[in-house]
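Each chain, letter by letter, is given below.
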Amino acid sequence: MAASRKATVVLKTVKKIAIQFSAFESNVRSTREFLAKVGSEKARATNINCEVISTVKHDKSEPVVDITYVDGERLLMKGAKLTSSEMLNTFQSLCTAKDPQAKTAAKK
Amino acid sequence: MSVNAAFLRHFRNRRFLSKMAATLCVKLLPKQGWLPLTQSVRHGSKAVTRHKRPMHFIKQKLMAVTEYIPPAPAAPPGAYPRETKSVQEETPLMLILKRNLEKVFQDCKMIAVVQDSSSSAEDMMSLRHRLHKHDIKVKFFPNEVMRSFLNNSIYCNMAPLIFGPTVLIVSNEPKVKEMLKTLRGSPQMTLLGACIENSLLSAEGVLSYSKLPSVTVVQGELVSGLTMMTSRTASLLQRHPAHLSALLQQYVKQQGTDAAAAAATAEEAT
(Lines give C-alpha, C1' and ligand atoms only; values in the text may rest on other atoms or scores of the structure.)
Protein backbone atom coordinates (compact mmCIF):
# COMPACT_ATOMS: atom_id res chain seq x y z
CA MET A 1 0.00 0.00 0.00
CA ALA A 2 1.60 3.22 -1.05
CA ALA A 3 -0.93 5.38 0.73
CA SER A 4 0.25 5.18 4.29
CA ARG A 5 2.69 3.04 6.14
CA LYS A 6 0.65 2.91 9.26
CA ALA A 7 -1.48 -0.15 9.61
CA THR A 8 -4.11 1.76 11.55
CA VAL A 9 -7.07 3.29 9.87
CA VAL A 10 -7.81 6.98 10.31
CA LEU A 11 -11.52 7.51 10.80
CA LYS A 12 -11.62 11.27 11.06
CA THR A 13 -13.83 11.82 8.07
CA VAL A 14 -16.20 9.00 8.86
CA LYS A 15 -19.47 9.40 10.64
CA LYS A 16 -20.74 5.86 10.85
CA ILE A 17 -19.75 2.39 9.75
CA ALA A 18 -22.39 -0.32 9.63
CA ILE A 19 -21.26 -3.85 8.90
CA GLN A 20 -23.70 -6.68 8.50
CA PHE A 21 -23.03 -10.27 7.65
CA SER A 22 -24.38 -13.75 8.05
CA ALA A 23 -22.24 -15.52 10.59
CA PHE A 24 -22.31 -19.06 9.30
CA GLU A 25 -21.43 -18.32 5.70
CA SER A 26 -17.97 -18.99 4.37
CA ASN A 27 -17.62 -15.79 2.34
CA VAL A 28 -17.68 -13.43 5.30
CA ARG A 29 -14.01 -13.82 6.16
CA SER A 30 -12.82 -10.66 4.47
CA THR A 31 -15.67 -8.64 5.99
CA ARG A 32 -14.83 -9.91 9.45
CA GLU A 33 -11.17 -9.03 8.97
CA PHE A 34 -12.20 -5.57 7.81
CA LEU A 35 -14.34 -5.22 10.91
CA ALA A 36 -11.45 -6.31 13.11
CA LYS A 37 -9.15 -3.71 11.60
CA VAL A 38 -11.65 -0.88 11.55
CA GLY A 39 -13.04 -1.60 15.00
CA SER A 40 -9.67 -1.84 16.69
CA GLU A 41 -8.80 0.43 19.58
CA LYS A 42 -6.35 2.48 17.58
CA ALA A 43 -8.82 3.14 14.82
CA ARG A 44 -11.54 4.07 17.27
CA ALA A 45 -9.15 6.38 19.08
CA THR A 46 -8.71 8.47 15.94
CA ASN A 47 -12.34 9.44 16.03
CA ILE A 48 -14.44 8.80 19.10
CA ASN A 49 -17.62 10.14 17.52
CA CYS A 50 -17.58 7.57 14.78
CA GLU A 51 -19.86 4.61 15.44
CA VAL A 52 -18.93 1.14 14.35
CA ILE A 53 -22.01 -1.03 14.37
CA SER A 54 -21.99 -4.69 13.46
CA THR A 55 -25.09 -6.79 12.87
CA VAL A 56 -25.04 -10.54 12.70
CA LYS A 57 -27.83 -12.12 10.70
CA HIS A 58 -28.66 -15.62 9.65
CA ASP A 59 -30.37 -15.18 6.30
CA LYS A 60 -27.51 -16.10 3.94
CA SER A 61 -27.41 -12.51 2.75
CA GLU A 62 -24.28 -10.96 1.32
CA PRO A 63 -21.89 -9.29 3.70
CA VAL A 64 -22.26 -5.52 3.29
CA VAL A 65 -20.21 -2.66 4.63
CA ASP A 66 -21.99 0.68 4.67
CA ILE A 67 -19.88 3.73 5.47
CA THR A 68 -21.36 7.18 5.95
CA TYR A 69 -18.96 10.09 5.74
CA VAL A 70 -19.17 13.40 7.51
CA ASP A 71 -20.15 15.23 4.34
CA GLY A 72 -23.02 12.85 3.68
CA GLU A 73 -21.44 10.56 1.10
CA ARG A 74 -22.04 6.84 1.41
CA LEU A 75 -19.72 4.04 0.45
CA LEU A 76 -21.28 0.63 0.02
CA MET A 77 -19.00 -2.37 -0.24
CA LYS A 78 -20.27 -5.84 -0.90
CA GLY A 79 -17.67 -8.05 0.64
CA ALA A 80 -18.63 -11.42 -0.75
CA LYS A 81 -15.93 -11.50 -3.41
CA LEU A 82 -13.55 -8.85 -2.08
CA THR A 83 -10.49 -9.29 0.04
CA SER A 84 -10.05 -7.28 3.19
CA SER A 85 -6.98 -5.49 1.83
CA GLU A 86 -8.92 -4.34 -1.24
CA MET A 87 -11.71 -3.03 0.96
CA LEU A 88 -9.22 -1.26 3.20
CA ASN A 89 -7.48 0.27 0.20
CA THR A 90 -10.68 1.73 -1.23
CA PHE A 91 -11.80 2.93 2.14
CA GLN A 92 -8.54 4.63 2.95
CA SER A 93 -8.14 6.19 -0.48
CA LEU A 94 -11.58 7.75 -0.13
CA CYS A 95 -10.73 8.92 3.36
CA THR A 96 -7.56 10.63 2.20
CA ALA A 97 -9.41 12.13 -0.73
CA LYS A 98 -11.96 13.58 1.65
CA ASP A 99 -9.48 14.92 4.10
CA PRO A 100 -6.55 16.17 2.07
CA GLN A 101 -5.48 18.96 4.36
CA ALA A 102 -4.70 16.89 7.40
CA LYS A 103 -3.00 14.21 5.35
CA THR A 104 -0.75 16.56 3.40
CA ALA A 105 0.13 18.39 6.58
CA ALA A 106 0.99 15.10 8.25
CA LYS A 107 3.05 13.95 5.30
CA LYS A 108 4.96 17.21 5.16
CA MET B 1 69.38 2.21 -12.49
CA SER B 2 66.39 4.27 -13.21
CA VAL B 3 65.59 2.05 -16.14
CA ASN B 4 65.92 -0.97 -13.90
CA ALA B 5 63.68 0.58 -11.28
CA ALA B 6 61.14 1.47 -13.87
CA PHE B 7 61.27 -2.03 -15.30
CA LEU B 8 60.85 -3.54 -11.84
CA ARG B 9 57.99 -1.21 -11.12
CA HIS B 10 56.43 -2.21 -14.38
CA PHE B 11 56.71 -5.84 -13.35
CA ARG B 12 55.35 -5.24 -9.90
CA ASN B 13 52.50 -3.09 -11.07
CA ARG B 14 51.34 -5.48 -13.69
CA ARG B 15 50.51 -8.95 -12.61
CA PHE B 16 51.39 -11.68 -14.92
CA LEU B 17 49.90 -15.09 -15.15
CA SER B 18 52.13 -17.72 -13.70
CA LYS B 19 55.16 -18.24 -15.79
CA MET B 20 54.38 -21.91 -16.19
CA ALA B 21 50.99 -21.21 -17.57
CA ALA B 22 52.44 -18.55 -19.75
CA THR B 23 55.06 -20.86 -21.14
CA LEU B 24 52.82 -23.94 -21.44
CA CYS B 25 49.61 -22.47 -22.64
CA VAL B 26 50.94 -19.57 -24.48
CA LYS B 27 49.56 -21.04 -27.68
CA LEU B 28 46.18 -22.13 -26.26
CA LEU B 29 45.23 -18.96 -24.47
CA PRO B 30 45.25 -16.65 -27.45
CA LYS B 31 42.98 -19.16 -29.24
CA GLN B 32 40.51 -19.29 -26.33
CA GLY B 33 40.73 -15.59 -25.97
CA TRP B 34 39.76 -16.23 -22.40
CA LEU B 35 41.64 -14.42 -19.76
CA PRO B 36 43.98 -11.68 -20.84
CA LEU B 37 47.59 -12.41 -20.17
CA THR B 38 48.09 -9.25 -18.21
CA GLN B 39 45.64 -7.67 -15.85
CA SER B 40 46.63 -4.11 -15.26
CA VAL B 41 46.21 -3.20 -11.64
CA ARG B 42 47.37 0.20 -10.53
CA HIS B 43 46.98 0.40 -6.82
CA GLY B 44 46.92 -3.30 -6.06
CA SER B 45 43.23 -3.18 -5.25
CA LYS B 46 41.83 -6.13 -3.41
CA ALA B 47 39.48 -8.83 -4.61
CA VAL B 48 37.19 -8.51 -1.62
CA THR B 49 35.90 -4.94 -1.27
CA ARG B 50 33.28 -3.21 0.79
CA HIS B 51 31.55 -1.85 -2.27
CA LYS B 52 30.50 -4.10 -5.12
CA ARG B 53 33.52 -4.58 -7.23
CA PRO B 54 32.76 -3.83 -10.90
CA MET B 55 32.87 -7.05 -12.82
CA HIS B 56 35.00 -7.36 -15.86
CA PHE B 57 32.98 -6.83 -18.98
CA ILE B 58 33.48 -10.37 -20.17
CA LYS B 59 32.40 -11.66 -16.80
CA GLN B 60 29.36 -9.41 -16.98
CA LYS B 61 28.50 -10.85 -20.34
CA LEU B 62 28.91 -14.36 -18.96
CA MET B 63 26.65 -13.66 -16.03
CA ALA B 64 24.03 -12.11 -18.29
CA VAL B 65 24.05 -15.10 -20.60
CA THR B 66 23.84 -17.64 -17.81
CA GLU B 67 21.00 -16.02 -15.85
CA TYR B 68 18.42 -18.38 -14.41
CA ILE B 69 15.14 -18.43 -16.35
CA PRO B 70 12.52 -20.30 -14.32
CA PRO B 71 10.25 -22.61 -16.27
CA ALA B 72 6.92 -20.91 -16.97
CA PRO B 73 4.13 -22.59 -14.96
CA ALA B 74 1.41 -24.11 -17.09
CA ALA B 75 -1.27 -22.89 -14.72
CA PRO B 76 -1.15 -19.89 -12.36
CA PRO B 77 -0.10 -20.78 -8.84
CA GLY B 78 -3.55 -20.83 -7.29
CA ALA B 79 -5.37 -22.63 -10.09
CA TYR B 80 -5.04 -26.22 -8.96
CA PRO B 81 -5.05 -27.49 -5.40
CA ARG B 82 -1.93 -29.15 -4.12
CA GLU B 83 -1.62 -32.80 -4.97
CA THR B 84 -0.12 -33.84 -1.66
CA LYS B 85 -1.78 -32.04 1.21
CA SER B 86 0.79 -31.20 3.83
CA VAL B 87 -0.38 -32.67 7.13
CA GLN B 88 1.34 -31.13 10.09
CA GLU B 89 1.96 -33.22 13.11
CA GLU B 90 0.09 -32.02 16.12
CA THR B 91 2.37 -30.54 18.67
CA PRO B 92 1.92 -31.67 22.28
CA LEU B 93 0.68 -28.19 23.14
CA MET B 94 -2.07 -28.61 20.59
CA LEU B 95 -2.99 -31.95 22.11
CA ILE B 96 -3.24 -30.46 25.58
CA LEU B 97 -5.35 -27.60 24.29
CA LYS B 98 -7.57 -30.06 22.48
CA ARG B 99 -8.11 -32.03 25.66
CA ASN B 100 -9.04 -28.83 27.45
CA LEU B 101 -11.47 -27.98 24.70
CA GLU B 102 -13.05 -31.41 24.96
CA LYS B 103 -13.55 -30.96 28.66
CA VAL B 104 -15.05 -27.54 28.11
CA PHE B 105 -17.50 -28.87 25.58
CA GLN B 106 -18.49 -31.72 27.84
CA ASP B 107 -18.96 -29.66 30.97
CA CYS B 108 -20.51 -26.48 29.76
CA LYS B 109 -24.02 -26.34 28.51
CA MET B 110 -23.64 -22.93 26.98
CA ILE B 111 -20.77 -22.03 24.65
CA ALA B 112 -20.95 -18.72 22.83
CA VAL B 113 -18.62 -17.51 20.12
CA VAL B 114 -18.01 -13.80 20.18
CA GLN B 115 -15.83 -11.70 17.93
CA ASP B 116 -14.11 -8.81 19.60
CA SER B 117 -12.40 -6.57 17.12
CA SER B 118 -10.88 -4.46 19.83
CA SER B 119 -10.61 -4.88 23.50
CA SER B 120 -7.97 -3.36 25.62
CA ALA B 121 -6.76 -5.24 28.64
CA GLU B 122 -8.87 -3.12 30.96
CA ASP B 123 -12.01 -3.76 28.95
CA MET B 124 -11.36 -7.48 29.03
CA MET B 125 -10.72 -7.39 32.75
CA SER B 126 -13.93 -5.53 33.50
CA LEU B 127 -15.91 -7.80 31.18
CA ARG B 128 -14.46 -10.89 32.81
CA HIS B 129 -15.27 -9.49 36.22
CA ARG B 130 -18.86 -8.80 35.28
CA LEU B 131 -19.30 -12.21 33.75
CA HIS B 132 -17.65 -13.93 36.69
CA LYS B 133 -20.40 -12.68 38.94
CA HIS B 134 -22.79 -14.87 36.98
CA ASP B 135 -20.32 -17.74 36.93
CA ILE B 136 -19.54 -17.34 33.23
CA LYS B 137 -15.98 -17.86 32.04
CA VAL B 138 -14.14 -16.32 29.12
CA LYS B 139 -11.74 -18.58 27.28
CA PHE B 140 -9.23 -18.11 24.49
CA PHE B 141 -8.16 -20.88 22.19
CA PRO B 142 -6.05 -20.63 19.05
CA ASN B 143 -8.14 -20.84 15.91
CA GLU B 144 -6.35 -23.83 14.39
CA VAL B 145 -6.83 -25.95 17.47
CA MET B 146 -10.50 -25.01 17.60
CA ARG B 147 -11.04 -25.78 13.96
CA SER B 148 -9.26 -29.12 14.03
CA PHE B 149 -11.19 -30.12 17.14
CA LEU B 150 -14.54 -29.04 15.76
CA ASN B 151 -14.05 -30.79 12.44
CA ASN B 152 -13.43 -34.07 14.24
CA SER B 153 -16.38 -33.80 16.55
CA ILE B 154 -20.10 -33.49 16.09
CA TYR B 155 -19.91 -29.72 16.28
CA CYS B 156 -18.47 -29.40 12.78
CA ASN B 157 -21.04 -26.79 11.78
CA MET B 158 -19.56 -24.37 14.23
CA ALA B 159 -16.29 -24.35 12.32
CA PRO B 160 -17.14 -21.48 9.92
CA LEU B 161 -17.67 -19.24 12.94
CA ILE B 162 -14.05 -19.50 13.98
CA PHE B 163 -12.31 -16.82 11.97
CA GLY B 164 -10.24 -13.92 13.14
CA PRO B 165 -10.21 -12.65 16.72
CA THR B 166 -12.74 -14.85 18.48
CA VAL B 167 -13.39 -15.43 22.13
CA LEU B 168 -15.25 -18.31 23.72
CA ILE B 169 -17.69 -17.55 26.48
CA VAL B 170 -18.66 -20.66 28.36
CA SER B 171 -20.79 -21.42 31.34
CA ASN B 172 -22.30 -24.45 33.00
CA GLU B 173 -25.81 -23.13 33.02
CA PRO B 174 -27.41 -21.42 30.09
CA LYS B 175 -27.60 -17.93 31.54
CA VAL B 176 -28.24 -16.17 28.33
CA LYS B 177 -29.96 -13.02 29.57
CA GLU B 178 -27.15 -11.99 31.88
CA MET B 179 -24.57 -12.70 29.23
CA LEU B 180 -26.41 -10.61 26.67
CA LYS B 181 -26.76 -7.74 29.11
CA THR B 182 -23.05 -7.69 29.90
CA LEU B 183 -22.11 -8.00 26.27
CA ARG B 184 -24.33 -5.10 25.37
CA GLY B 185 -22.18 -3.00 27.67
CA SER B 186 -19.10 -3.45 25.54
CA PRO B 187 -19.94 -2.36 22.00
CA GLN B 188 -17.15 -4.08 20.16
CA MET B 189 -18.13 -7.63 21.07
CA THR B 190 -20.22 -9.17 18.33
CA LEU B 191 -22.11 -12.32 19.19
CA LEU B 192 -21.76 -14.72 16.28
CA GLY B 193 -23.48 -17.83 17.52
CA ALA B 194 -23.84 -20.17 20.42
CA CYS B 195 -24.07 -23.87 21.15
CA ILE B 196 -26.62 -24.24 23.93
CA GLU B 197 -27.27 -27.75 25.20
CA ASN B 198 -25.76 -29.31 22.11
CA SER B 199 -27.88 -27.35 19.69
CA LEU B 200 -26.40 -24.68 17.50
CA LEU B 201 -28.08 -21.30 17.62
CA SER B 202 -27.50 -18.15 15.63
CA ALA B 203 -27.41 -14.71 17.20
CA GLU B 204 -31.13 -14.20 16.73
CA GLY B 205 -31.74 -17.69 18.05
CA VAL B 206 -29.88 -16.75 21.18
CA LEU B 207 -32.04 -13.66 21.58
CA SER B 208 -35.24 -15.64 21.24
CA TYR B 209 -33.85 -18.28 23.61
CA SER B 210 -33.31 -15.61 26.22
CA LYS B 211 -36.91 -14.47 25.85
CA LEU B 212 -38.27 -17.96 26.46
CA PRO B 213 -40.05 -18.40 29.81
CA SER B 214 -39.00 -21.17 32.16
CA VAL B 215 -39.94 -24.82 31.65
CA THR B 216 -42.68 -24.95 34.31
CA VAL B 217 -44.40 -21.92 32.86
CA VAL B 218 -44.35 -23.47 29.40
CA GLN B 219 -45.70 -26.75 30.76
CA GLY B 220 -48.47 -24.93 32.57
CA GLU B 221 -49.38 -23.09 29.41
CA LEU B 222 -49.47 -26.33 27.45
CA VAL B 223 -51.66 -28.06 30.03
CA SER B 224 -54.05 -25.17 30.22
CA GLY B 225 -54.33 -25.04 26.46
CA LEU B 226 -55.17 -28.72 26.24
CA THR B 227 -57.69 -28.68 29.05
CA MET B 228 -59.35 -25.63 27.60
CA MET B 229 -60.40 -27.66 24.58
CA THR B 230 -61.92 -30.46 26.64
CA SER B 231 -63.65 -28.09 29.04
CA ARG B 232 -65.19 -26.26 26.10
CA THR B 233 -66.65 -29.45 24.67
CA ALA B 234 -67.99 -30.45 28.08
CA SER B 235 -69.68 -27.09 28.55
CA LEU B 236 -71.17 -27.29 25.06
CA LEU B 237 -72.68 -30.68 25.82
CA GLN B 238 -74.10 -29.55 29.13
CA ARG B 239 -75.43 -26.24 27.87
CA HIS B 240 -79.00 -27.37 27.32
CA PRO B 241 -79.64 -29.22 30.61
CA ALA B 242 -77.90 -26.38 32.46
CA HIS B 243 -80.17 -23.84 30.80
CA LEU B 244 -83.23 -25.95 31.66
CA SER B 245 -82.27 -26.33 35.30
CA ALA B 246 -81.63 -22.60 35.56
CA LEU B 247 -85.04 -21.83 34.12
CA LEU B 248 -86.76 -24.30 36.51
CA GLN B 249 -85.00 -22.77 39.48
CA GLN B 250 -86.09 -19.33 38.38
CA TYR B 251 -89.68 -20.64 38.03
CA VAL B 252 -89.61 -22.18 41.49
CA LYS B 253 -88.37 -18.93 42.95
CA GLN B 254 -91.08 -16.99 41.19
CA GLN B 255 -93.72 -19.46 42.43
CA GLY B 256 -92.40 -19.08 45.91
CA THR B 257 -92.54 -15.28 45.79
CA ASP B 258 -96.06 -15.35 44.23
CA ALA B 259 -97.32 -17.72 46.94
CA ALA B 260 -95.78 -15.51 49.64
CA ALA B 261 -97.33 -12.39 48.08
CA ALA B 262 -100.76 -14.12 47.85
CA ALA B 263 -100.56 -15.26 51.51
CA ALA B 264 -99.60 -11.74 52.61
CA THR B 265 -102.56 -10.14 50.74
CA ALA B 266 -104.94 -12.81 52.18
CA GLU B 267 -103.77 -11.99 55.72
CA GLU B 268 -104.20 -8.27 55.14
CA ALA B 269 -107.72 -8.84 53.82
CA THR B 270 -108.78 -10.85 56.86
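The name an unreviewed UniProt entry assigns to chain A is Large ribosomal subunit protein mL53, from the organism Labrus bergylta. Note on chain A: under the UniProt heading Sequence similarities (unreviewed entry), the record states "Belongs to the mitochondrion-specific ribosomal protein mL53 family."

Moving on: the overall build of chain A. Summing up its helical and strand segments, chain A has four helices and four strands in all. Helices and strands in chain A line up, N terminus first, as β-α-α-β-β-β-α-α. Burial status across chain A gives 38% buried among its 108 residues. Taking contacts inside chain A between residues at least 6 apart in sequence as the whole, the part at least 24 apart equals 73%.

To continue, consider the nonpolar core. Within the largest apolar cluster, 47 residues are counted, with the highest numbers of intra-cluster contacts made by Val14, Ile17, Phe34, Ile67 and Phe91 of chain A. Sorting elements by how many residues they give to this core places helix H5 (residues 92-107) of chain B first, with five residues. Other than its neighbours up to four places away in sequence, Ile67 of chain A contacts Val14, Lys16, Ile17, Phe34, Glu73, Arg74, Leu75, Met77 and Phe91 of chain A. Residues Met110, Val114, Met124 and Ile136 of chain B belong to the second largest nonpolar core, which totals 20 residues.

Okay, the interface of chain A and chain B next. If you look at the interface, chain A gives 16 residues, while chain B gives 22 residues. Counting the surface lost from both chain A and chain B, the interface buries some 1600 Å², and carbon and sulfur atoms represent 58% of this. In this assembly, chain A and chain B are joined by two residue pairs in polar contact (both at pLDDT 80 or more). Where the side of chain A that touches chain B is concerned, the elements lending two or more residues are helix H1 (29-38), helix H2 (41-46) and strand E2 (51-57) of chain A. Per-element tally for the side of chain A that touches chain B: the top contributor is H1 of chain A, with four residues. For the side of chain A that touches chain B, the residue count by class is six nonpolar, four polar and six charged.

Conventions adopted
Residues numbered from 1 in each chain as written. Chains lettered and ligands numbered in written order. Predicted model: local features only at pLDDT ≥ 70, side-chain atom pairs only at ≥ 80, totals over all residues. Heavy atoms only, no water. UniProt positions renumbered as here; feature names shortened; annotations may be inferred. Helix = DSSP H or I, 4+ residues; strand = E, 2+ residues; numbered from the N terminus. Buried < 20%, exposed > 50% of the residue type's maximum accessible area, 1.4 Å probe, protein only. Contact = heavy atoms within 4.5 Å. Core = buried A, V, L, I, M, F, W, Y, C linked by side-chain atoms within 4.5 Å. Buried area = accessible area lost by both parts, 1.4 Å probe. Polar contact = N/O pair within 3.5 Å; in protein donor to acceptor, adjacent residues only side chain to side chain. Nonpolar A, V, L, I, M, F, W, Y, C, P; charged D, E, K, R; others polar.

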